[in-house]
Protein chains: 2
Amino acid sequence: MPSSLIQKLSRTPESPADRPAETVDTKSRILDAAEELFMEHGFEATSLRLITTAAGVNLAAVNYHFGSKEELFQAVLTRRLDPMNQERMRLLSAYETGAGNHPLTCEKIISAMFIPALKLARDHRTGGKNFLRLLGRAYADPAPFIREFLSSQYAEMIARFRAAFARALPHIPREELSWRLHFVMGALSYTLAGTDALKMIAQFQPGDTENDEKVLRRLAPFLAAGLRSPVDTASDAHLWFADT
Amino acid sequence: MPSSLIQKLSRTPESPADRPAETVDTKSRILDAAEELFMEHGFEATSLRLITTAAGVNLAAVNYHFGSKEELFQAVLTRRLDPMNQERMRLLSAYETGAGNHPLTCEKIISAMFIPALKLARDHRTGGKNFLRLLGRAYADPAPFIREFLSSQYAEMIARFRAAFARALPHIPREELSWRLHFVMGALSYTLAGTDALKMIAQFQPGDTENDEKVLRRLAPFLAAGLRSPVDTASDAHLWFADT
DNA sequence: GCTCATTTCAAACGAACGTTTGAATATTTC
DNA sequence: GAAATATTCAAACGTTCGTTTGAAATGAGC
């Protein structure tokens, strides 16, 4: 009986700093290897044998420490996703407090979403870049257990940011704003996924190692402009989808 | 020896209209079933036994008609993707001809991208909606054979539209424009994928069957505003990613 | 109506999958 | 240091996977 089944969902009690780099415990080694391999091959195509071999642990260790492959995947996600979303909300609250009772600008709200993601990507100690790509991929995964898990993980944060945007853009109808927030999250996750097929044909010069920070610095104004754009009226419809 | 191995890559020679609905040939039944099941479960999680059972054909039919599971997946994509991209380019050329030597508006270029996708989604005869979701998922799939296939399928269309945007937005640097086009394609595919986890928590009222047309009518102005937005200068950087 | 190529079919192939088991080893507790 | 608990390990479990096989059924050409 693994004792970890009880404390599995608690925040990581171990402190990874005061340990030599080579003697990390089995759970962490599995999480690190799984994070990279899930990112590289996806959930279904990554076998437990591949993970445990890369982690240098026994095959049965995954089922012992995490229960199942699905629970391992969720553990990989929560380890970084939950702290990131917590920091997003904390940052948004700090901005709101600093602004008094005035609504925030779109730029400020977006930066509250992006900065924690950026910090994660910058963090070379953790394999942050791998994780963001894995996360972007998970958004599009059809598996129900992934979808439900992400929904529960994001529910609180999305609600907070929707309220902030609603105050920043009071002239935009609530339903329209929901869609625009949806577009923002989509563009962000798609961009962070990073290895999409379309990127390959965009003929970016090889060697231009645009890091995530530079990309997000391009994406943020792009999205802010979209959020602020005037609401499309029915009379404008012909501009877009005129027949032939 | 299957003769189809030779003509496999040629455009579908059979005409699907002059055939009774129940007696479609084996290849089409496999393609239809595969399209829906790949969409629902993803590539890896969809077994050939599931596909052939749903299609009402023998298990070995897939390997006989398509060669392998991977080639079946590619066939599912090309069947609709190639005509759609051809129509996109044809539409763009028609717009450009109609505008004489004047550059097109962003709205016009975007509609040349969206309308063919919309027509596909509208087409109830073909399972167009399923296909667009499958396509959105394929963009984020890590499998190399999928990525390379999509790259080759999209290369020509992307180049055409990049040139059109470059003429429409001459003040935007070439590299910035590449990224913005990348954001546009990302938002489009992400939106069309449709079943992402974030959508579930956006608290859209159940029963509001927003069809793809309405969604794209919201997305298009959003993206056009982003495309036109002023280029972020270095002096604006503090607006976005100021520390804490 | 015979011939020959094409397509369908049931059955089986070897390999890889996630998971379980029970003994061996390491760690903690008193 | 003995007892109890926690972890590791090799081995095997039953299942499912994509693919192959060779014979049976079907259709076309002359």
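Quantities reported herein were computed from a predicted structural model and do not represent experimental measurements. (Residues numbered from 1 in each chain as written. Chains lettered and ligands numbered in written order. Predicted model: local features only at pLDDT ≥ 70, side-chain atom pairs only at ≥ 80, totals over all residues. Heavy atoms only, no water.)

Visitor: Can you explain helix α2 (residues 26-41) of chain B? Please cite residues and give values.
Guide: Residue and element names in this part refer to chain B. Taking 1.5 Å per residue, 16 residues should reach 22 Å; α2 reaches 22 Å between its end C-alpha atoms and fits that length. For α2, the set of buried residues is Ser-28, Ile-30, Leu-31, Ala-33, Ala-34, Glu-35, Leu-37, Phe-38 and Met-39. Immediately downstream of α2, the backbone of Gly-42 shows phi near 90°, a positive value. (Helix = DSSP H or I, 4+ residues; strand = E, 2+ residues; numbered from the N terminus. Expected span 1.5 Å × (residues − 1). Buried < 20%, exposed > 50% of the residue type's maximum accessible area, 1.4 Å probe, protein only.)

Visitor: Tell me about the state of the cysteines, residues and numbers included.
Guide: Taken as a whole and assessed by the stated rule, the structure comprises zero disulfides over all chains. Free cysteine Cys-106 of chain A: the closest other cysteine sulfur is in Cys-106 of chain B, separated by 20 Å. On the accessibility criterion, Cys-106 of chain B (3% relative accessible area) is buried. (Disulfide = S-S within 2.5 Å.)

Visitor: Please give an account of the protein's contact with DNA strand C that cites residues and values.
Guide: Residues in close proximity to DNA strand C total 17 residues, the closest being Arg-49 and Lys-69 of chain A together with Thr-26, Tyr-64 and His-65 of chain B. Close to the protein, within 4 Å, the atoms of DNA strand C are drawn from sugar and phosphate at a rate of 51%. At 2.8 Å, a side-chain N or O of Arg-49 of chain A approaches a base nitrogen of DNA strand C. Here a base nitrogen of DNA strand C and a side-chain polar atom of Asn-58 of chain B are 3.4 Å apart. Listed by contribution, the elements that provide at least two residues to the surface near DNA strand C are α3 (48-55) of chain A together with α4 (61-65) of chain B. (Near = heavy atom within 4 Å. Polar contact = N/O pair within 3.5 Å; in protein donor to acceptor, adjacent residues only side chain to side chain.)

Visitor: With reference to specific residues and values, describe the protein's contact with DNA strand D.
Guide: Near DNA strand D you find 17 residues, and of these Thr-26 and His-65 of chain A together with Leu-48, Arg-49 and Lys-69 of chain B are the closest. Ser-47 of chain B is positioned with one of its side-chain polar atoms (N or O) 3.2 Å from a phosphate oxygen of DNA strand D. Each residue belonging to the surface near DNA strand D can be placed in one class, and the counts come to six nonpolar, eight polar and three charged. (Nonpolar A, V, L, I, M, F, W, Y, C, P; charged D, E, K, R; others polar.)

Visitor: Which residues make up the packing of helix α6 (residues 106-122) of chain A against helix α8 (residues 144-168) of chain A, and what values do they have?
Guide: Residue and element names in this part refer to chain A. For the pair α6 and α8, interaxial distance at closest approach is 10 Å and the crossing angle is 165°. By the angle between their directions, the pair α6 and α8 is classed as roughly antiparallel. The two elements α6 and α8 cross, and the hand of that crossing is left-handed. Residues Cys-106, Ile-109, Ile-110, Ala-112 and Met-113 of α6 touch α8, and the partners they reach there are Met-157, Phe-161, Ala-164, Phe-165 and Ala-168. Taken together, the residues that form the contact of α6 with α8 break down as ten nonpolar, no polar and no charged. (Axes fitted to C-alpha atoms, helices over the stretch in contact; angles between N-to-C directions. Parallel < 35°, antiparallel > 145°, perpendicular 65-115°, else oblique. Left-handed = near helix turned anticlockwise from the far one by under 90°. Contact = heavy atoms within 4.5 Å.)

Visitor: Talk me through a negative patch on the surface; I want residue IDs and the actual numbers.
Guide: Together, Glu-44 and Glu-70 of chain A together with Glu-44 and Glu-70 of chain B make up a region of like negative charge exposed at the surface. For Glu-70 of chain B, a relative accessible area of 39% translates into the label partly exposed. (Patch = residues over 30% accessible without salt bridge, like charges linked within 9 Å, V, L, I, M, F, W, Y side chains within 5 Å. Areas by Shrake-Rupley, 256 points an atom, 1.4 Å probe, with all protein chains shown as cover. Salt bridge = Lys/Arg side-chain N within 4 Å of Asp/Glu carboxyl O. Lys, Arg positive; Asp, Glu negative; His and termini not counted. Charge placed at Lys NZ, Arg CZ, Asp CG, Glu CD.)

Interpretation note: all reported values are geometric properties and have no functional meaning in isolation.
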